[in-house]
Amino acid sequence: MLVTEILTILRNIPMKHVLAMILGFLLLVCISILGSKDFTEEDKISELRKPLKLSSLSEDYQIEIPYIEKEVVIKRNDSLFTILDNLGVSKENIIKLINSKKSDLLSKIEVGDKIKAYVNEYGELEKLIYVDNIKSGIRAERVDSSYVISRYESKIEKVKVFKHVVIKDSMYMSGLRENVPDSVLMDLAYINGWDIDFTHDIRPGDTFSIVYEEVIIDGEKVIDGDILISEFNNRNKKFIAVRYDLDEQNSEYFNLEGENVKKAFLRSPVKLSYISSKYNLKRRHPVLHTIRAHRGVDYAANKGSPIRATGDGTVLFAEYNAGCGNEIKIKHSEDYVTRYCHLDRFSARTKVGRKIKQGQTIGYVGSTGLATGPHLHYEFHVNGKHTDPLKVKFPNASPIRSSELMAYKEKSSDLINELQKYQYLIDQREFYGG
Ligand SMILES: [Zn+2]
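Residues numbered from 1 in each chain as written. Predicted model: local features only at pLDDT ≥ 70, side-chain atom pairs only at ≥ 80, totals over all residues. Heavy atoms only, no water.

> Whenever I open this one, the pattern of salt bridges confuses me. Can you help?
Oppositely charged side chains are able to pair whenever their charged atoms sit close together. As enumerated under the stated definition, the model contains 16 salt bridges in all. With its nearest N and O atoms 3.0 Å apart, the salt bridge here joins Lys-160 to Glu-418. Of this pair, Lys-160 sits in strand S6 (residues 156-166) while Glu-418 sits in helix H9 (residues 405-431); the two residues are 258 residues apart in sequence, bridging distant segments of the chain. Look at Glu-418 and you get buried, because its relative accessible area is 15%. Through salt bridges with shared partners, a single network forms among Lys-303, Asp-344 and Arg-345. (Salt bridge = Lys/Arg side-chain N within 4 Å of Asp/Glu carboxyl O. Helix = DSSP H or I, 4+ residues; strand = E, 2+ residues; numbered from the N terminus. Buried < 20%, exposed > 50% of the residue type's maximum accessible area, 1.4 Å probe, protein only.)

Shown next as structure tokens:
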């Protein structure tokens, strides 16, 4: 009776369920056979022959002691010993390192260089990298009980990156949205800052295209490098700036004619300011209430805002002077003089006869002399004559040397072609919806 009942039940189970049951059963059998598999005699002997060391134990039991990467910049009075000791490397390990061949490579450590050490919690040093410059360094790697020390060279690659941005609000915000790095946007503003006022001149729909470099060291992106070329379209005016190496250390940007994009003068002597009074030969004076020519431009700004020298030059005058209050005069090349009034105070380096660099802070906004509130009164004199600083055409900084003009033209036309090629590819992709 019972047998027939079981058979009936089995017959009612669908075929696929039966197959699954059989497979499951076989799997269980396999697991139990493997699990209970005895070591052969040979296995046992080789196991016994293994010397019982901590290292072999940790190997067998797969104990992983993590090495932590620690980095330190070498300071005065540091020695390799004190640095590694501070990083938690055991004294025995440091001695092992010092006793390794070629450890003299590590004997001259210099302030400002970097040491990277990979140390575990037992004070074991796995690897040490001494970076003495971006391109090369010294590596020490543990092999058995000592270290293999050698000099290495990094593989440096420069990769060109192209970006095209349509400005919606500000150049900076629009650029960030298109993943243009912050430092590149700062450079872009600097390069074009002589022609474009980024606070007042930018309109939605303005565009810029740039090719810049990324520096890759040993496969890892290290820095966003320099802009090689930028094309800025501001209110239907196009500005092109091409980077050109003047020598090993100095590079500048030039337009397609080979003129320096930098001007000999900055447009404004106070960064965060607004123009409260323009150059006007028939102005009513706000304090004296008489008609007196206003032979300069007033920049209203918070008291204490830094004032920049608008061009390279030499300090002619720096002291209190009646209505002008604290006054600075700077003599620039040829016959240009700039004058700054109502300063709260002078910067420490502003002394008569001293050389001043363009952009250098010479003093701070105040309201000394005849002034209603904190502002800078700024004048621009050409050949001893007052000139409207907002209208005068500034001379360019030094153009490309005529001996290098050919080489420059070749380079700039290559970069222009590159820019256009990238732009074409982007247009194609947009057109085909890629
Ligand atoms: Zn004024």
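> Is there a simple way to think about the state of the cysteines in this case?
Here is the idea: a disulfide is a covalent bond, and it sits between the sulfur atoms of two cysteines. Inspection of every chain in the model, using the stated rule, returns 1 disulfide. Disulfide pairing is shown between Cys-324 and Cys-341; the S-S distance is 1.9 Å. With the S-S bond torsion at -95°, the cross-link from Cys-324 to Cys-341 turns out left-handed. Of the two residues, Cys-324 is situated in the loop between strand S16 (313-320) and strand S17 (326-331) and Cys-341 in strand S18 (residues 336-343); the sequence distance between them amounts to 17 residues. An identical accessibility class is assigned to Cys-324 and Cys-341; each is buried. (Disulfide = S-S within 2.5 Å.)

> Any chance you could explain the pairing of strand S8 (residues 220-234) here in plain terms?
Look at any regular strand and the pattern is simple: side chains alternate between the two faces of the sheet. In this sheet, S8 lies alongside strand S7 (residues 207-217) in antiparallel orientation, the contact comprising 10 bridges. Residue pairing in the sheet places Ile-210 in a bridge with Ser-230 of S8. Linking S7 back to S8 in an antiparallel pair, the connection comprises 2 residues, with Asp-218 at a positive phi of about 50°. Judged from the 6 bridges that link them, S8 and strand S9 (residues 237-245) form a sheet pairing that is antiparallel. Across the sheet, residue Asn-233 finds its bridge partner in S9, namely Lys-238. Counted along the chain from S8 to the antiparallel partner S9, the turn is 2 residues long, and its residue Arg-235 has a positive phi close to 45°. (Pairing = 2+ DSSP bridges.)

> When you look at the coordination of the zinc ion in this model, what are you seeing that I'm missing?
Geometry reference: four tetrahedral donors at a metal, ideal angle 109.5 degrees. Six octahedral donors, ideal angles 90 or 180 degrees. Bound to the zinc ion are the protein donor atoms His-294 (NE2), Asp-298 (OD) and His-377 (ND1), situated 2.0 to 2.2 Å from the metal. All donor residues of the zinc ion come from one chain, and their arrangement in sequence is H-x3-D-x78-H. Residue His-294 is located in strand S13 (residues 291-294), and its partner His-377 is located in strand S22 (residues 375-382); the two are separated by 83 residues in the primary sequence. Accessibility classification places His-294 together with His-377 in one group, the buried group. (Donors = N, O, S within 2.8 Å, 3.2 Å for Na, K, Ca; no water.)

> Is there a simple way to think about the sheet that holds strand S5 (residues 146-153) in this case?
What holds strands together in a sheet is hydrogen bonding between their backbones, with the strands either parallel or antiparallel. With respect to topology, 5 strands assemble into an open sheet ordered S1-S2-S3-S4-S5, the strand pairing being antiparallel. Each edge of the sheet is formed by a strand with only one pairing partner; in this case those strands are strand S1 (68-73) and S5. The sheet shows a mean angle of 15° between the axes of neighbouring strands, direction not considered. Relative to S5, helix H6 (residues 91-99) is tilted by about 60°, and along the sheet it contacts strand S3 (125-133), strand S4 (136-143) and S5. (Axes fitted to C-alpha atoms, helices over the stretch in contact; angles between N-to-C directions. Contact = heavy atoms within 4.5 Å.)

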